[in-house]
Amino acid sequence: MPVTVMGGFAANFLGNAPVWYKQTILLFLLVNPILLWAIGPVFTGWLLVGEFIFTLAMALKCYPLQPGGLIAVEALLIGMTTPEALYHEVLTNLPVILLLMFMVAGIYFMKELLLVTFTRILVGVRSKSALSLLFCSVAALLSAFLDALTVTAVIISVAVGFYSVYHRVASGKGYHQADHNTASDDSVIELHRSDLQNFRAFLRSLLMHGAVGTALGGVATMVGEPQNLLIAKVVGWDFAGFFTHMLPVSLPVLVAGLVTCWLLEKLRWFGYGARLPKPVRRVLEEFADGERSKRTASDRAALWIQALAAVVLVTGLAMHLAEVGLIGLLVIILITSFTGITDEHQIGKAFQEALPFTSLLVVFFAIVAVIHEQHLFTPIIDFVLAQPIHQQPGMFFLANGVLSMISDNVFVATVYISEIKQALEAGTIDQAHFERLAVAINTGTNLPSVATPNGQAAFLFLLTSTIAPLVRLSYGRMVVMAVPYTLVLGSVGLFCVINFI
């Protein structure tokens, strides 16, 4: 307990984060202006990117919004970027922000339906390999027609539901204990601790398989990822045209990804292969039976409404009737209106999961604005465009993949597609080659970027969600678990880009 005001300031700064972490962030804030003056903006810009990635890597020590936000604010103050540039990035990515604000909240109101559905799958499919394949393939299918962030929100909601049920039982409480703290193991009975650890490992592997599945499916269609829609508009592809052009790459990569999923579960490499403990399965089976027996007519009616809202959701997104976030708002209105959820505080709970991450994403856009304003990627782009034409698709795939691992794949795709559009308009390349490069850019930003959580918004959302600390899914662990997928998807994707497009 601090005894002086200065001690109080020190204790309050970044809350319960370790002292060494607080000192590191202060060091970053101190040296950035000095290095900008002494060395220049390019070096300082890359350092800022590294510092922000550090805050993401330490997400379990302190939520990245605060330390990353301080770094972003300093970047604005020392002139590494401008508020106008940040505002432009926010406007460009407004559909993603709307998606996070409203779609994730919409999924919150469908959690009963999702929990019922996935509980049946979980207790019905006893083979872990088959279950992992199912999660991965379903996530891929949904991401192709919905959106990777939406599908990730569904997976997170399901995992939180599973974990909460067993954690309450492991703590000697009932399924619906309202005041139970799932973030603390203090009340967990010693007999259940080993099963809880194994259950965490089981959920971690399912979450990662599902997250990779969103990348496998998201690459295939123009609505799968935000940058896909951007590329399709620039090139002039409709839904069928985009799908057809991506098929020579997306289909082999999908097969390779599903085979990798199955092998990882069989070989139990890279943190995969954990089985569902029998006591946990019994708890979930009893929970499912209990919920089914207690379901009232109102509960069944609510499930029907959620199912109908799901049909509206899928139809609206697949046909792209409106921006994803607006369809999410429609889902919120429909479900709450017809299930009797009219209390302001009840509705407010749905936004608690998404808004911190939305704020973090805006902070991330400030770092992206630094990359843009300081032209940090320009030398790489110039180098690739200087290569012989027949080598360019493979080079674009690699360059987009590497840059998407450390930056925002939407930003990387925006920069590259605009550069080759200019080359097309200048007569440097023809239309056919322009389309080949567009395929390389789309697949490059979607596939190798699974290597790091900051590579894809869906992975970053998973890292900063409520489920990550519960199942001990840290930045480093995500990177390790993504290694086999990165190698397989990257190498197969590169081979297909070089040989099939």
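Okay, so let's go over this structure. (Residues numbered from 1 in each chain as written. Predicted model: local features only at pLDDT ≥ 70, side-chain atom pairs only at ≥ 80, totals over all residues. Heavy atoms only, no water.)

The subject of this paragraph is the overall build of the protein. Helix and strand counts for the protein come out as 24 helices and 0 strands. Dimensions of the protein, computed from C-alpha atoms along their principal axes, come out at roughly 70 × 65 × 45 Å. In the protein, which comprises 501 residues, the share counted as buried stands at 53%. Partitioning the intrachain contacts of the protein with sequence separation of at least 6 by distance along the chain shows that 76% fall at a separation of at least 24. If you sum the accessible surface of the protein, you get close to 21000 Å²; carbon and sulfur atoms cover 68% of it. (Helix = DSSP H or I, 4+ residues; strand = E, 2+ residues; numbered from the N terminus. Buried < 20%, exposed > 50% of the residue type's maximum accessible area, 1.4 Å probe, protein only. Contact = heavy atoms within 4.5 Å. Areas by Shrake-Rupley, 256 points an atom, 1.4 Å probe, with all protein chains shown as cover.)

What follows deals with the nonpolar core. One recurring pattern in soluble globular proteins: nonpolar side chains tend to sit buried together. Counting 141 residues, the largest nonpolar core has Phe199, Met208, Trp237, Leu462 and Ile467 as its most contacted members. Counting residues per element, this core draws most heavily on helix H9 (residues 148-170), at 14 residues. Excluding anything up to four places from it in sequence, Phe199 contacts Phe162, Tyr163, Tyr166, Leu276, Pro277, Val280 and Leu284. In terms of nonpolar packing, the next biggest core, distinct from the first, is built from 12 residues, Ile25, Phe28, Leu29 and Leu48 among them. (Core = buried A, V, L, I, M, F, W, Y, C linked by side-chain atoms within 4.5 Å.)

Here we take up the environment of Leu487. Structurally, Leu487 is set in helix H24 (residues 475-500). Residues Leu487 and Leu447 lie 40 residues apart in sequence; the distance between their C-alpha atoms is 9.8 Å.

This brings us to the environment of Leu114. Within the secondary structure, Leu114 sits in helix H7 (residues 111-124). Separated by 193 residues in sequence, Leu114 and Ala307 place their C-alpha atoms 9.4 Å apart.

An α-helix turns once every 3.6 residues. As a result, residues three or four positions apart point the same way. Between its first and last C-alpha, helix H21 (residues 431-446) extends 23 Å over 16 residues, near the 22 Å set by a 1.5 Å rise per residue. The buried fraction of H21 amounts to 12 of the 16 residues, a majority that puts the element mostly inside the structure. Among all positions in H21, only His433, Phe434, Leu437, Ala438, Val439, Ala440, Ile441, Asn442, Thr443, Gly444, Thr445 and Asn446 are buried. (Expected span 1.5 Å × (residues − 1).)

A positive phi angle, close to 55°, is found at Phe270, a residue other than glycine. As for its placement among the helices and strands, Phe270 is situated in the loop between helix H12 (239-267) and helix H13 (278-294). Judged by its relative accessible area of 35%, Phe270 is partly exposed. Even without being glycine, His375 reaches a positive phi, approximately 55°.

This brings us to the side chain of Arg295. Of note, Arg295 is situated in the loop between H13 and helix H14 (297-318). We classify Arg295 as buried; its relative accessible area is 18%.

Before going further, it helps to spend a moment on the pattern of salt bridges. For the coordinates displayed, the defined rule picks out 3 salt bridges. A salt bridge links Glu285 to Arg126; the shortest N-O distance between them is 3.1 Å. Here Glu285 is found in helix H13, whereas its partner Arg126 is found in the loop between H7 and helix H8 (128-145), with 159 residues between them in sequence. Using a relative accessible area of 24% as the deciding quantity, one classes Glu285 as partly exposed. (Salt bridge = Lys/Arg side-chain N within 4 Å of Asp/Glu carboxyl O.)

Close contact between helix H10 (residues 190-218) and H12 brings their axes to 10 Å; oriented N to C, the two are set at 170°. Classified by the interaxial angle, the pair formed by H10 and H12 is roughly antiparallel. From H10, Ser205, His209 and Leu216 reach across to H12, where they touch Val253, Leu254, Gly257, Cys261 and Glu265. For the contact of H10 with H12, the class distribution of residues is 4 nonpolar, 3 polar and 1 charged. (Axes fitted to C-alpha atoms, helices over the stretch in contact; angles between N-to-C directions. Parallel < 35°, antiparallel > 145°, perpendicular 65-115°, else oblique. Nonpolar A, V, L, I, M, F, W, Y, C, P; charged D, E, K, R; others polar.)

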